[in-house]
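Overview (structure and organization)
The lines below spell out each chain.
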Amino acid sequence: MNDIFRIRHSVRSYQDQEIGPEKLQEILDAADSAPSAGNLKAREVVVVRDPKVKRELAEAAMNQGFITEAPVALVFFTVPSRSAQKYGQRGQELYALQDATIAASFAWMQAVMLHISSCWVGAFDEEAVKEILNIKGEERPIVLMPFGYSAESLMA
Ligand SMILES: Cc1cc2nc3c(=O)[nH]c(=O)nc-3n(C[C@H](O)[C@H](O)[C@H](O)COP(=O)(O)O)c2cc1C
């Protein structure tokens, strides 16, 4: 784990190399293994591989073009009512956010273990992201994460 924390950093340039389904599944499993309030898992994740959808997401994220370079983007959502049913307002406003944030962090740590890089993208238009992904409910997108093999060492 020490190495994982030491080497993790935000990567904003990715190689044109796919992430295999097994590796993606490991990343998703890590997210799913994260703790959550009352084990209610008041979060969801949407997997985006479609280049057109990634382009739209990048536009909704203040034109952060590196999102389109990554083979996979994960969008983490809160599902506030899932936590609110047991914890009321605190679940609604706080625990759901924490559930989603921890899951995203676990996904990133697992990715680093697989030599896959990411960046935490928080600057985006939430309504635009929901529309692009056709999410019509209460779910709130809280972080958008491109995942891919770093191209940083190939630069310069
Ligand atoms: C809440 C949050 C929002 C962020 N939003 C963005 C973003 O929209 N675009 C981006 O390129 N980096 C974003 N970052 C990444 C930070 O800039 C980065 O983590 C920080 O500069 C430290 O660098 P490191 O991750 O390489 O250690 C965000 C990080 C956090 C925690």
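Anyway, here's the lowdown on the structure attached to this text. (Residues numbered from 1 in each chain as written. Predicted model: local features only at pLDDT ≥ 70, side-chain atom pairs only at ≥ 80, totals over all residues. Heavy atoms only, no water.)

**As for the packing of aromatic side chains**
- Per the counting criterion, the structure on display carries one aromatic pair.
- Plain terms: the ring middles of Y87 and Y95 are 5.1 Å apart, the flat faces sit at 80 degrees to each other, and that makes the pair edge-to-face.
- Directly above the aromatic system of W108 lies the positively charged group of R8, at a separation of 4.7 Å from the ring centroid. (Phe/Tyr/Trp six-rings, centres within 6.5 Å; stacked < 30°, edge-to-face > 60°. Lys NZ or Arg CZ within 6 Å of the ring centre and 35° of its normal.)

**Topic: the site of the ligand**
- Contacts to the ligand come from R8, H9, S10, R12, Q64, F66, C119, W120, V121, G122 and A123.
- Between an oxygen atom of the ligand and a side-chain N or O atom of S10, the distance comes to 2.5 Å.
- A123 is positioned with one of its backbone polar atoms (N or O) 3.1 Å from an oxygen atom of the ligand.
- Look at the ligand: alone it shows 620 Å² of surface, and the protein chains cover 50% of it. (Near = heavy atom within 4 Å. Polar contact = N/O pair within 3.5 Å; in protein donor to acceptor, adjacent residues only side chain to side chain. Areas by Shrake-Rupley, 256 points an atom, 1.4 Å probe, with all protein chains shown as cover.)

**Section: the sheet that holds strand β2 (residues 72–78)**
- Pairing within the open sheet is antiparallel, and its four strands lie in the order β1-β2-β4-β3. The two strands at the open ends of the sheet, each matched to only one other strand, are β1 (43–48) and β3 (117–118).
- Direction of pairing for β3 relative to strand β4 (residues 140–148): antiparallel, over a ladder of two bridges. Pairing of S117 across the sheet is with G148, part of β4. (Pairing = 2+ DSSP bridges. Helix = DSSP H or I, 4+ residues; strand = E, 2+ residues; numbered from the N terminus.)

**Quick notes on helix α3 (residues 51–60)**
- Those residues of α3 that sit buried are V53, K54, L57, A58 and A60. Down the axis of α3, the smallest arc covering the buried residues is 160 degrees, so these residues share one side.
- Those residues of α3 hidden inside the fold are in contact with β1, α4 (66–69), β2, α6 (126–132) and β4.
- The backbone nitrogen of K52 has a side-chain oxygen 2.8 Å away, supplied by the residue at the start of α3, namely D50.
- At the exit of α3 stands M62, carrying a positive phi of roughly 55 degrees. (Buried < 20%, exposed > 50% of the residue type's maximum accessible area, 1.4 Å probe, protein only. Arc of directions from axis to C-beta. Contact = heavy atoms within 4.5 Å.)

**Focus: the environment of P141**
- By the element assignment, P141 lies in strand β4.
- Leave out the neighbours within four places in its chain, and P141 touches V75, F76, F77, F124, E126, V129 and K130.

**Here's the deal with the environment of E152**
- Residue placement: E152 occurs in the segment after β4.
- Separated by 76 residues in the primary sequence, E152 and F76 place their C-alpha atoms 25 Å from one another.
- In this structure E152 touches H9, S10, V11, R12 and S13, once residues within four positions along its chain are discounted.
- A distance of 2.9 Å separates polar atoms of two side chains, one belonging to E152 and the other to H9.

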